[in-house]
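In case you want the letters, here they are:
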Amino acid sequence: MAAIAASSLSYGIGGTQILWVPQGLLEQIVSTHSSYQTHHVDLQHLVNLISCIFQNAAVSSSKMSCCVSTMASSVDETMMQMLRRLKDYSWNAKVVLAMAAFACSVGESSMLVKHRNTDPIAMYVETLKGHRYTTTDFTVLERIGLFKAMIDVANTNLAFLAPSISRIPKEVHSIKDAIACFPTAAYKILRIVLQITSILSKKKDHFESTIQELNVLANEVSHINNILQEKLTLCLRDAEKYTYEDITIRITKISISEFIDKIMHYVRIQGFENLRNKHLLFLVSDLDISIDEIKVLNWLYERNDQMYEIVWLPIIDLSMSYDVKRFWELKQLMKWSVAVEPTRVEADVVEFVKKEWHFIRQAIAVSMTSAGEVVCQNALPMLWTWGNTAFPFSDKTEQILWNSVDERHGWKLDLVLDDFIVPELRSWIENRTTFVCLFGGGDISWIQEFTEKVKYAAYAAGVTLKLVFVGKNKAKLGLSKTDLSRDIKVIESEIRWRFWTKLESILHAKIRHGKTTTAYKTDVVIHEALKVVGHGGKGESWAVFSMGPDPMVTTDGETGLTIMSNYLNWRQDTTGLRFLEGVKHYKEVISRDVHGCIKVHLPVLGRVPGIMVCPDCSKVMDMFYTYRCCDE
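Owing to the predicted nature of the structure, the values given are computational and were not obtained by experimental measurement.

Rules used in this analysis
- Residues numbered from 1 in each chain as written.
- Predicted model: local features only at pLDDT ≥ 70, side-chain atom pairs only at ≥ 80, totals over all residues.
- Heavy atoms only, no water.
- Salt bridge = Lys/Arg side-chain N within 4 Å of Asp/Glu carboxyl O.
- Helix = DSSP H or I, 4+ residues; strand = E, 2+ residues; numbered from the N terminus.
- Buried < 20%, exposed > 50% of the residue type's maximum accessible area, 1.4 Å probe, protein only.
- Core = buried A, V, L, I, M, F, W, Y, C linked by side-chain atoms within 4.5 Å.
- Domains from an automatic or database assignment.
- Contact = heavy atoms within 4.5 Å.
- Pairing = 2+ DSSP bridges.
- Axes fitted to C-alpha atoms, helices over the stretch in contact; angles between N-to-C directions.
- Phe/Tyr/Trp six-rings, centres within 6.5 Å; stacked < 30°, edge-to-face > 60°.
- Lys NZ or Arg CZ within 6 Å of the ring centre and 35° of its normal.

Student: What am I meant to see in the pattern of salt bridges here?
Tutor: Pairs can form between side chains of opposite charge whenever their charged atoms are close. Enumeration over the complete set of coordinates arrives at 12 salt bridges. The partner of Asp 418 in a salt bridge is Arg 498, and the shortest N-O contact between them spans 2.4 Å. In this pair, Asp 418 sits in the loop between helix H19 (413-416) and helix H20 (425-430) while Arg 498 sits in helix H22 (residues 493-512), placing the two residues 80 residues apart along the sequence. Of the two residues examined, Asp 418 and Arg 498, each falls in the buried class.

Following this line, the structure appears as structure tokens:
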């Protein structure tokens, strides 16, 4: 009640207690407001539009026509209805939205009046909306300063939402004083807008009296704006003391329990009952998280049988403004909850996820049990590799899953594909005479020649062929369905992203489990996955051949083409079920004297990967740092 009590004090300009309201009314005003603002709009864009509308309306010099919605029995009742409707917006946003609504009415009136005599539709709309005319024109409204006062107060309220202001601790006097007056200031301004709208909607016999009433209200808006401007000046002065750099210096290291308490506080204030006693995945990302990543995660989330819930924790650079539109676009795509609006994430929380959870730029998902125990600092690689089978997303569960994969013979089709990538996967594996060829690259001439040779060899061997093109890598658009023949299944968009991320996640898991310098001798999975990711990362041609549940054969593009082009030379006893065995044997024959080292680019998912060994020459690979701002 401290803020409410402070808000009921007088803020006088020239002896006028313009922001005073009775305590009972103030409590009623505050009761219409949500404690957490879940609705956001691009307010700067709205203010720009308001200004443009007012300027053009004044230039048009047409008579004012104002349409007023059916109002309640009194201005007070209408005010309460309006405040309740805007409950999920901040007090400052309410003011800007009210100005936008008024500007919309002005703009509509201007257009209808301007085209009334030339456009029948304008005349019909005008009649249907029941517009009534006054002798007031827009140039008069501009002359008395009404438009300017509205634009000024909208800009002032917008300024309070700047990141520099949001960084001021709430206990600082300037910000406390400003916050205390927001409810009454917003109430007064919205009430004035309603009064102006009401005056303009009535036919007045005396033009001068109408102008006088509007002039008084315009002055009141200016007075309120002056009060807000004084408070804004004090806040801006304090904002200089609270730069992001200063905040990070003063941050004390918080414990994991304190951190979890803060995160759960974000969740509790939104009243997400579905999160109670649930296993949680905290999705931590900046606003550059890919749309494809969200779509894939949505697919998995909707099929998790309520085993877990996801909460997005958006992290931004607190020293800079952020793309509000982008945030709300991402939020609308997500099927899960959002912990808090980005600027409300405290600086020590940002520092914690960067230093303790090793969040750099790539999204991570921290797995936490219903008891508040963190069991994995990044469960995304598990999700991309195993899907919901990896629940409860702990290192132990992942180890059990990998132990079930034979290192020497585990390079199989169902490891790199799933139902999301290829819905027909299960039938392909069960039909042992189905020969599946996954391939990629950007060279259309190679693709045309390679697929022609594969089709011939498969036909001659008497097997059913399934050709699947998965592009160059997840970041590049590559070729589309229209570029390839109809009998080739083309993996596109988020499905292609899923394929490449699944392969990268397999490598990350192997690295975490120590399969690096010695694994090339025994672990075929890491050996072959490195080849595909290496070729795909450079946009080179490659191919993987599979039949039924047997281990796959991986080749670079040139080798794959050579194998299929020379089928007649090695076809003896390799038809039907023995076709894949023949491919493998012939590859071993022609690859003995061929050396083709690769380069692998892996995103940093929390920690820098360890030492890797070339899958072809068995030498330890050099490691370089690559800084990239966006996907190619």
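Student: Just to check I follow, could you spell out the nonpolar core for this structure?
Tutor: As a rule of thumb, soluble globular proteins bury nonpolar side chains together. Residues Leu 283, Leu 313, Trp 411, Leu 438 and Phe 499 are the most contacted members of the largest nonpolar core, which totals 92 residues. For this core, the element with the highest residue contribution is H22, accounting for seven residues. Two domains each provide a minimum of three residues to this core, namely domain 2 (256-400) and domain 3 (405-621). If we ignore the near neighbours within four places in the chain, the residues touching Leu 283 are Ile 289, Leu 297, Ile 310, Val 311, Trp 312, Leu 313, Met 334, Trp 336, Ala 363, Ile 364, Ala 365 and Leu 380. In terms of nonpolar packing, the next biggest core, distinct from the first, is built from 66 residues, Leu 43, Phe 54, Leu 86 and Ile 151 among them.

Student: For this particular structure, what's the right way to read the sheet that holds strand E5 (residues 279-285)?
Tutor: Taken in spatial order, the five strands line up as E7-E6-E5-E8-E9 in an open sheet, and their pairing is mixed. Every interior strand has two partners, whereas the edge strands, strand E7 (337-338) and strand E9 (374-376), have only one. Where E5 lies against strand E8 (residues 364-368), five bridges are found, and the strand directions are antiparallel. Bridge pairing in E8 links Leu 281 to Ser 367. Packing of helix H15 (residues 324-333) onto the sheet brings it into contact with strand E6 (308-314) and E7, and relative to E6 it is tilted by some 175°.

Student: Is there a simple way to explain the packing of aromatic side chains in this structure?
Tutor: Aromatic rings considered in pairs are described by the distance between their centres and by the relative angle of their planes. For the structure on display, the rule yields 26 aromatic pairs. Taking 4.9 Å as the distance between ring centres and 80° as the angle between the ring planes, the aromatic pair formed by Phe 327 and Trp 328 counts as edge-to-face. For Phe 327, a relative accessible area of 1% translates into the label buried. Their ring planes at 5° and their centres at 6.3 Å tell us that Phe 499 and Trp 542 sit as a pair that is stacked. Placement of Phe 499 in helix H22 and of Trp 542 in strand E13 (residues 542-547) is noted, with a sequence separation of 43 residues between them. With relative accessibility at 1%, the residue Phe 499 sits in the buried group. Trp 542 gets classed as buried once you look at its relative accessible area, which sits at 0%. In textbook terms, an aromatic cluster arises when at least three aromatic residues are bridged by ring pairs, as seen for Phe 435, Phe 439, Trp 446, Phe 450, Phe 469, Phe 545, Tyr 567, Trp 570, Phe 579 and Tyr 586. Directly above the aromatic system of Trp 91 lies the positively charged group of Lys 94, at a separation of 4.9 Å from the ring centroid.

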